[in-house]
Amino acid sequence: MKFEDLLLETGGFGRFQILILAILCLPRINLPMHFLLHNFLAATPSHHCAIPHQEAFVNLTMEEVLLISIPRKPDGTFSSCEMFSQPQFHLLLNSSLQAENKSIIQHCQHGWVYDHSQFTSTISTQWDLVCEQRGLNQATATFFFIGVTLGAMVFGYLSDRFGRKTVLQLSLLCSLLFGMLSAASVSYTMLAVTRTLTGVALSGPSLIVLPLGMEWVDVQHRTFTGILSSIFWSVGNMLLALAAYLVREWHWLLVAVTGPCLLSIICLWWVPESARWLIAKGKVKQAHRHLLRCARMNGRKDFAEDMTLKMYAQRMVLQREYKNMGGSYSYISLFRTPVLRKISLCSGVVWFGVAFSYYGMSMNLTGFGLSIYLSQFVFGVIEIPAKMAMYVLVNRIGRRQSQAWTLILAGVCIGANIAIPKPFSSLRSVVAVMGKGFSEAAFTTVFLYTSELYPTILRQNGMGYTSFMARLGGSLAPLVFLLDEVWRSLPEVTYCGVAVCSGAVAFLLPETLNVRLPEGIEDIE
């Protein structure tokens, strides 16, 4: 007897499942508030070199002081990273003149002056992470995603070994601790370390929340569960825009987005452990107790007492698989058999492409004629209709076609914005929003798709491996922005190429529409 049959006898999808999904939405909402926090935490406001002895120019306006102290760029704006070694008073007579002697231009010698109209403080203004130190600013996001990458390997294994719920609570507790330590950082080094550890901890909820909910849901409601979980991510996206708009100081912004972890920890006490996992580990009595609770809450009081025998039969099937794999499962198990090996390789490429293009777009909120807060909010709003559309599409045209084409179209939109001139800001905004919608649709599909590709006994290992590949893509995405020093459009070309190529690889994966969740390796092969 398959586990889906056991679930059907408890009511399939009822109040019990709705309660679980409602509670699991809390950590899901909190995730993007950290994953995309870099947009506001490390935002760089307009700035220029600090001008020494400025009190000597009391008879000049601020514009005139800048004119004689800061060289202009070709577009007419003042340079952010250079200054004149001596005041150029002759420019007051003719501001259109350019300094002929380049030797009088030097890098900022006395720090920078920042525009605080939009941000009270960010880590860029706190530690002057601009100009030559710009790489450290972008690296902050990379450190976070490196942490998430390392955590993906750890928590995928731990949740298969010690249970979904226990490890989820542990990861949320660590997220709360390291998040608050990040807010209290007194140096860039401390921030980099604590943000990395926060990333490690937050990989737990990002890995476990969806499979834990999915393992309590019947086949007919798997798609609904995946889309619903993804919608909560978009809600978190929009709430991040609101939080950042209300809290302009980076220390308190970190506190604001970390605090909800405490609420998630408290509410998780009402979520049961996965009965699938309990049966697979031979803990049949605990599984039976949770299934009885599920049946009662769903109004199925006739849930058979002999169901324990059926669960023992299910356990025998899973344990036979366990012995066939040598008595243990690891990430190596994902590559031991031919079909599973192909699935693992292709899904890894797809996850890398999805995350690389998604975070590449999500962390580029300027250049579209909208404020950074409005861009973040609009990018969150567009994700919801994209997810709704995927709810229909994945059941109509299948998971594989949906995954491939959403990625390819996201890449096409990124490429289109390279060709659209900057003055056409409205058109660029529309194309960017469309691309963000396709990118989010690809992310929505890949979470659902991957959880259906791997068998129960390897599902968390599979999710851990693919999450590792995704976080590798997320780690590299912020650093690609630094390529604009080589060629202004090179970052966009890179995001476009990776999205299109990984979309093509998705065509090599098997279709899982209306197929039972595989329990063991034999179901895959």
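Residues numbered from 1 in each chain as written. Predicted model: local features only at pLDDT ≥ 70, side-chain atom pairs only at ≥ 80, totals over all residues. Heavy atoms only, no water.

The protein chain has the name Solute carrier family 22 member 7 in an unreviewed UniProt entry, where Prunella fulvescens is given as its organism. The record in UniProt for the protein chain states the following under Sequence similarities (unreviewed entry): "Belongs to the major facilitator (TC 2.A.1) superfamily. Organic cation transporter (TC 2.A.1.19) family." (UniProt positions renumbered as here; feature names shortened; annotations may be inferred.)

Q: Help me understand the overall build of the protein chain in this model?
A: On a plain count of helices and strands, the protein chain comes out with 21 helices and 4 strands. Relative to a compact globule of 525 residues, whose C-alpha radius of gyration would be 24 Å, the protein chain shows 26 Å and is just as compact. Across the 525 residues in the protein chain, those meeting the buried criterion constitute 56%. Long-range contacts, defined here as pairs at least 24 residues apart, represent 80% of the contacts in the protein chain between residues at least 6 apart. For the protein chain, the accessible surface area stands at approximately 21,400 Å², while carbon and sulfur atoms represent 66% of it. Taking the average place of the 40 positive charges on the side chains of the protein chain and the average place of its 32 negative ones, the gap between the two points comes to 10 Å. (Helix = DSSP H or I, 4+ residues; strand = E, 2+ residues; numbered from the N terminus. Rg over C-alpha atoms; globule rule 2.2 N^0.38 Å. Buried < 20%, exposed > 50% of the residue type's maximum accessible area, 1.4 Å probe, protein only. Contact = heavy atoms within 4.5 Å. Areas by Shrake-Rupley, 256 points an atom, 1.4 Å probe, with all protein chains shown as cover. Lys, Arg positive; Asp, Glu negative; His and termini not counted. Charge placed at Lys NZ, Arg CZ, Asp CG, Glu CD.)

Q: Help me understand the state of the cysteines in this model?
A: The final tally for this structure, using the stated rule, is 2 disulfides. Each sulfur in the disulfide pair Cys49 and Cys108 lies 1.7 Å from the other. Its torsion about the S-S bond being -65°, the disulfide of Cys49 and Cys108 is classed as left-handed. In this pair, Cys49 sits in strand β1 (residues 47-49) while Cys108 sits in the loop between β3 (105-107) and β4 (112-114), placing the two residues 59 residues apart along the sequence. The exposure classification of Cys49 matches that of Cys108, with both residues buried. Along the protein chain, the cysteines engaged in disulfide bonds are linked according to the scheme 1-3, 2-4 when indexed in sequence order. Left without a disulfide partner, Cys261 is nearest to the cysteine sulfur of Cys174, which lies 11 Å away. Free of any disulfide, Cys501 has its nearest cysteine sulfur in Cys496, 8.8 Å distant. Judged by its relative accessible area of 54%, Cys501 falls in the exposed class. (Disulfide = S-S within 2.5 Å.)

Q: How should I be thinking about the packing of helix α15 (residues 338-362) against helix α19 (residues 459-480) in this particular structure?
A: Packed helices, taken two at a time, are described by the angle their axes make and the gap between the axes. α19 packs onto α15 with a crossing angle of 35° between their chain directions and a minimal axis gap of 7 Å. In this structure, α15 meets α19 at a crossing whose hand is right-handed. Seen from α15, the contacting residues are Ser344, Leu345, Ser347, Gly348, Trp351, Phe352, Ala355, Phe356, Tyr359 and Gly360; seen from α19, they are Tyr465, Thr466, Ser467, Met469, Ala470, Arg471, Leu472, Gly473, Gly474, Leu476, Ala477 and Val480. Looking at the contact of α15 with α19, its residues break down into 13 nonpolar, 8 polar and 1 charged. (Axes fitted to C-alpha atoms, helices over the stretch in contact; angles between N-to-C directions. Left-handed = near helix turned anticlockwise from the far one by under 90°. Nonpolar A, V, L, I, M, F, W, Y, C, P; charged D, E, K, R; others polar.)

Q: I tried to follow the packing of helix α7 (residues 164-183) against helix α10 (residues 250-258) on my own but got confused; where do I start?
A: Relative orientation of the contacting elements α7 and α10 amounts to 170°, with a least axis distance of 8 Å. Between α7 and α10, the angle is such that the two are roughly antiparallel. Note on element contacts: α10 touches α7 through Trp250, His251, Leu254, Val255 and Thr258, opposite Ser175, Leu176, Gly179, Met180, Ser182 and Ala183. Residues that form the contact of α7 with α10 fall into these classes: 6 nonpolar, 5 polar and no charged. (Parallel < 35°, antiparallel > 145°, perpendicular 65-115°, else oblique.)

Q: It is not clear to me how the nonpolar core should be interpreted in this structure. Could you clarify?
A: Looking at soluble globular proteins, one finds that nonpolar side chains tend to be buried together. Counting 116 residues, the largest nonpolar core has Phe35, Phe40, Leu168, Trp216, Tyr359 and Phe443 as its most contacted members. Among the elements that line this core, the one with the most residues is α15, at 12 residues. For this core, the two domains that each supply at least three residues are domain 1 (1-38 + 129-327) and domain 3 (333-524). Of all hydrophobic cores here, the second largest spans 14 residues; its members include Ile51, Met83, Trp112 and Tyr114. (Core = buried A, V, L, I, M, F, W, Y, C linked by side-chain atoms within 4.5 Å. Domains from an automatic or database assignment.)

Q: Just to check I follow, could you spell out a nonpolar patch on the surface for this structure?
A: On the surface, a cluster of nonpolar side chains totalling about 400 Å² of accessible area is made up of Trp405, Leu409, Val412, Val500 and Phe507. Considering every element that reaches the nonpolar patch, the biggest residue donor is helix α17 (residues 399-419), with 3 residues. Mapped onto the fold, Trp405 is located in helix α17. (Patch = residues over 30% accessible without salt bridge, like charges linked within 9 Å, V, L, I, M, F, W, Y side chains within 5 Å. Salt bridge = Lys/Arg side-chain N within 4 Å of Asp/Glu carboxyl O.)

Q: When you look at unusual backbone geometry in this model, what are you seeing that I'm missing?
A: Glycine aside, a negative phi is what most residues show, and trans is what most peptide bonds show. Residue Asp128 is not a glycine yet carries a positive backbone phi of 50°. By secondary structure assignment, the location of Asp128 is in the loop between α5 (123-127) and α6 (134-162). For Cys131, which is not glycine, the phi dihedral falls at a positive 55°. For Cys131, the position within the fold is in the loop between α5 and α6.

Q: Just to check I follow, could you spell out the domain arrangement of the protein chain for this structure?
A: Examined at the domain level, the protein chain breaks down into domain 1 (1-38 + 129-327), domain 2 (47-114) and domain 3 (333-524). Between domain 2 and domain 3, the C-alpha centre-to-centre distance is 45 Å.

Q: Hey, could you run me through the confidence of the model for the protein chain in this one?
A: Put simply, the protein chain has an average pLDDT of 86, and 92% of its residues get 70 or more. The least confident element of the protein chain, judged by mean pLDDT, is helix α14 (residues 307-324) at 55; the most confident is α10 at 96. (pLDDT = per-residue confidence, 0-100.)

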